[in-house]
Amino acid sequence: MEELNDLLQQRRAKIDTFISAGVNPFANDFKVLHNAGQINDNHQQESREDLEGSTVEYRFAGRIMARRDFGKAAFLQLQDGSGRIQVYVAKKEIGDDAFDYFKKLDIGDIVGVCGVPFRTQTDELSIRAGEVKLLTKSLLPLPEKWHGLTDVETRYRQRYLDLMVNPEVREVFRKRSRIVNLIRDFMLEHDYLEVETPMMHQIAGGATAKPFVTRHNTLKMDLFLRIAPELYLKRLVVGGFDRVFEINRNFRNEGISIQHNPEFTMMEFYQAYATYDDLMDFSEQLICHVTQQVCGSLVIPYGEKTVDLTPPWERLTLKDAIVKYGEVELELLNDRDRSLAYATDTLGLELDGHIGHGKLLAEIFDEVVEPKLWNPVFITQYPTEISPLSRKNDENPDVVDRFELFIVGRELANAFSELNNPIDQKQRFLDQLKEKAAGDEEAHAMDEDYIRALEYGLPPAAGEGIGIDRLVMLLTNSASIRDVILFPQMRPEAG
C-alpha cells in the first residue's frame, strides 16, 4: 500500500508539472477520426514495401498498455475499444519539447496520436507518430502484468480494470450484447411486440420468490422491485396484444452463487392461441439460431466437455426423469409416504413432514435429476401444487401443462400454457396465501386486479421466461454468472 501511495504522489506531481508547462493533463480537444481496428483492417494485407513512404494519416486515441524506450525513440502499445496497435515515437519526428513531455507519460495514460502506417523490421504493423498528445493522465498504475489480472474479487469489484487488461473479458460482453440483439431480432421477425412494464409493483407476483421492498414517500406505500413481469405481460394479452415480449431486469432477494445474482436479466414472452408444446418448438428454434450465429456450431464447448444442441431435444416428464436418474420405481413416486421416506432416508433431505406431494417430488427432482441434465432436455408435467399460474392438464389435474428447459445441469427456461380461468386462478392464489401464512416467504400473493383482468377474458395462451445471463454463460463458456454480468452484486469492501 505504501508503494502504491508513492506512485500516486509521483503521478500527481507530474500533473502539476504538465499544468505549469501549459499542458492540460485532461484535455478534450483532440479530434479522433479512426480506431486501431480500422487501421489493422486497412493494412493487414500490405507488406513493408507496400507501406514504405505511405502518406495515409490516421488520428486515433487509446490507453498506453506497454512501452519500450530506446533513448531517442520508443514503442508504445496503444489500446482502444476496437483493439491494440503499436506506435513508434521518435524525437526527430515530434520535436525536442514534445519528446521531453512524452518521456513523462506513464503506462495507463490516454493519448491521442497522429501518424502514418509502416511495418517494422519484425513486420509488425505500426504507426509512426507525428504528434502525441496527452488526453488523460492516470493516477493509479495498471496491475503489474497488465494482461494477467486474475484475482477474481478484484476483477468483479473493479470491472473497469478487468475490461481494460483482459481482452477475453471484453469479448464475453461483446458476445452478450450480440446475443441479446439476436434474440430481439428473432422475436421481432416472428411478429412479437416489444414492450416495457413496471419495475416497481404494488404486489410481488409472477413468480415464487422473496422480493426486495422499497418505499414511495409521496404515496406513503411500500413497493416491491419486480420478481417477474408475467402478470403485467398477460394483462397486455387480455388487452389484445397477441404476441408480446420484454427483455427485463428482475430482482429477487435470494442468495448469491455461481448461478444466482439478486439482479438478473430475463426475456419473457407470451403468445395467444399457443400451447406449451408450441413454445418447446419455438425455444429450440430460437436458441439454436442464436447459438449458430454466435458460436458457428450447435456443438459447443462448456467447461471440459461439449454440449450438443442439435435438435430435436429430449422431452421427459418430471416423474420419468426421477425414475431414469434416481433409479426408483414409478409406484414409489406415486405414493406420497414412500416418496417422503425416500427423500429423507435415502437422499438425506431435511423436509417438513407436512410437505405436499407435489412440492416433495420437486425437491427429489432437484436433488437427483437436475445436476445430471447436460444436453438440452425439456422436463414436463410439473405438479399443480408448485405451479400457481399454470393451466392444469386436461387429463390429469394433479399436473400442469408446463416445461422447464435444462442445459448443463441448470434451468434455462420456464414455460407453460397459461391459466386463464379466473375462478381457478383465484383459488390457487388463496392456496398460496395459506402457504404464506404458514411461513413460506416465496409464496405468491393475491393480485385482485389480475383476477379482474382474467374475468374480462384472457385468450388461451402460453408464455415463457428465458434466463439471459445463463444463456450467455452457456454460449461464452463461462463458469459463473458473475463472469457475464458487468457489475455483479458484491459484499462491501473490507474497510
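Predicted, not measured: the structure shown is a model, and the values here were computed from it.

## Describing the overall build of the protein chain
Scanning the protein chain for helices and strands turns up 17 helices and 18 strands. The dimensions of the protein chain, computed from C-alpha atoms along their principal axes, are 85 × 55 × 50 Å. Here the protein chain holds 495 residues, and 48% of them are scored as buried. In the protein chain, of all internal contacts separated by at least 6 residues, the share reaching a separation of at least 24 is 65%. Accessible area of the protein chain: about 24,700 Å², with a carbon and sulfur share of 48%. When the 58 basic and 82 acidic side-chain charges of the protein chain are each reduced to a single mean position, those positions are 7 Å apart.

## What about the pattern of salt bridges?
Applying the stated criterion across every chain yields a total of 28 salt bridges. In this structure, Glu 131 and Arg 59 form a salt bridge, with 3.8 Å as the shortest nitrogen-oxygen distance. Of this pair, Glu 131 sits in strand β5 (residues 125-136) while Arg 59 sits in strand β1 (residues 58-69), placing them 72 residues apart in sequence. Of the residues examined, Glu 131 reaches a relative accessible area of 32% and is grouped as partly exposed.

## A look at helix α13 (residues 336-346)
The α-helix winds at 3.6 residues per turn, so residues separated by three or four positions along the chain end up facing the same way. Considered for burial, the residues of α13 that qualify are Ser 339, Leu 340, Tyr 342 and Ala 343. In an axial view of α13, the angular spread of the buried residues amounts to 160°, which keeps them on one side of the axis. Away from its buried face by more than 90 degrees, α13 exposes Asp 337, Asp 345 and Thr 346. Tucked inside the fold, the buried residues of α13 contact α11 (318-326), α12 (330-334) and α14 (357-368). Of the residues trailing α13, Gly 348 is marked for its positive phi of about 75°.

## What to know about the packing of aromatic side chains
One pass over the full model with this rule turns up 15 aromatic pairs. Centre to centre, the rings of Phe 365 and Tyr 382 are 6.4 Å apart; their planes meet at 70°, and the pair counts as edge-to-face. One end of the pair, Phe 365, is in helix α14; the other, Tyr 382, is in the loop between β15 (377-380) and β16 (402-407), with 17 residues separating them in the sequence. Taking the relative accessible area as the measure of exposure, Phe 365 reaches 1% and is therefore buried.

## Looking at the pairing of strand β4 (residues 110-119)
Burial of β4 is extensive: eight of the ten residues sit out of reach of the surface. The pairing of β1 with β4 spans six bridges and is antiparallel. Bridging from a neighbouring strand, Ala 61 pairs with Gly 112 of β4. Hairpin geometry of β4 and β5 is characterised by an intervening segment of five residues between the two adjacent antiparallel strands and by a positive phi of about 70° at Asp 123.

## Let's talk about the side chain of Thr 380
For Thr 380, the location among the structural elements is in strand β15. Residue classification places Thr 380 among the buried positions, given a relative accessible area of 9%. Not counting the four nearest positions on each side in its chain, Thr 380 is found in contact with Tyr 276, Met 280, Leu 316, Thr 317, Leu 318, Arg 402 and Phe 403.

## Here's the deal with the sheet that holds strand β9 (residues 221-225)
Reading across the sheet, the three strands line up as β7-β9-β8 and stay open at both edges, with antiparallel pairing between neighbours. The open sheet terminates on both sides in strands that have one partner only, identified here as β7 (200-201) and β8 (213-216). The pairing of β7 with β9 spans two bridges and is classified as antiparallel. Residue pairing for β9: Met 200 is matched across the bridge by Leu 225.

## Considering the pairing of strand β10 (residues 243-251)
For β10, the buried fraction is high: seven of the nine residues fall into the buried class. When strand β6 (residues 193-194) meets β10, the two strands line up parallel, connected through two bridges. When the bridges of β10 are listed, Leu 193 appears paired with Val 244. In this sheet, strand β11 (residues 263-272) lies alongside β10 in antiparallel orientation, the contact comprising nine bridges. Looking at β11, one finds that Arg 249 is bridged to Thr 265.

## Considering a negative patch on the surface
A cluster of acidic residues, Glu 49, Asp 50, Glu 52 and Asp 123, forms a negative patch at the surface. Within the secondary structure layout, Asp 123 lies in the loop between β4 and β5.

## Details of the UniProt feature "binding site: Mg(2+) 2" (unreviewed entry) in the protein chain
As recorded in UniProt, the sites labelled "binding site: Mg(2+) 2" (unreviewed entry) are Glu 411. The topology assignment puts Glu 411 in strand β17 (residues 410-417). Here Glu 411 is in contact with Glu 370, Glu 404, Leu 405, Phe 406 and Arg 470, once residues within four sequence places are set aside.

## Quick word on the nonpolar core
Formed by 49 residues in total, the largest nonpolar core has its most connected members in Ile 183, Met 267, Phe 269, Leu 405 and Leu 474. Those residues in contact with Leu 474, other than ones at most four positions away along the chain, are Ile 300, Pro 301, Tyr 302, Val 307, Ile 407 and Val 408.

## Observations regarding unusual backbone geometry
What is expected of a backbone is that most residues other than glycine have negative phi and most peptide bonds are trans. With an omega dihedral of 0°, the bond running from Pro 311 to Pro 312 counts as a cis peptide bond. Relative to the helices and strands, Pro 312 resides in the loop between β13 (305-308) and β14 (314-317). At Lys 220, a position not held by glycine, the phi torsion is positive, near 55°. Assignment of secondary structure puts Lys 220 in the loop between β8 and β9. Lys 220 gets classed as exposed once you look at its relative accessible area, which sits at 64%. Despite not being glycine, Val 408 has its phi angle at roughly 50°, a positive value.

Rules of the game
- Residues numbered from 1 in each chain as written.
- Predicted model: local features only at pLDDT ≥ 70, side-chain atom pairs only at ≥ 80, totals over all residues.
- Heavy atoms only, no water.
- Helix = DSSP H or I, 4+ residues; strand = E, 2+ residues; numbered from the N terminus.
- Buried < 20%, exposed > 50% of the residue type's maximum accessible area, 1.4 Å probe, protein only.
- Contact = heavy atoms within 4.5 Å.
- Areas by Shrake-Rupley, 256 points an atom, 1.4 Å probe, with all protein chains shown as cover.
- Lys, Arg positive; Asp, Glu negative; His and termini not counted.
- Charge placed at Lys NZ, Arg CZ, Asp CG, Glu CD.
- Salt bridge = Lys/Arg side-chain N within 4 Å of Asp/Glu carboxyl O.
- Arc of directions from axis to C-beta.
- Phe/Tyr/Trp six-rings, centres within 6.5 Å; stacked < 30°, edge-to-face > 60°.
- Pairing = 2+ DSSP bridges.
- Patch = residues over 30% accessible without salt bridge, like charges linked within 9 Å, V, L, I, M, F, W, Y side chains within 5 Å.
- UniProt positions renumbered as here; feature names shortened; annotations may be inferred.
- Core = buried A, V, L, I, M, F, W, Y, C linked by side-chain atoms within 4.5 Å.

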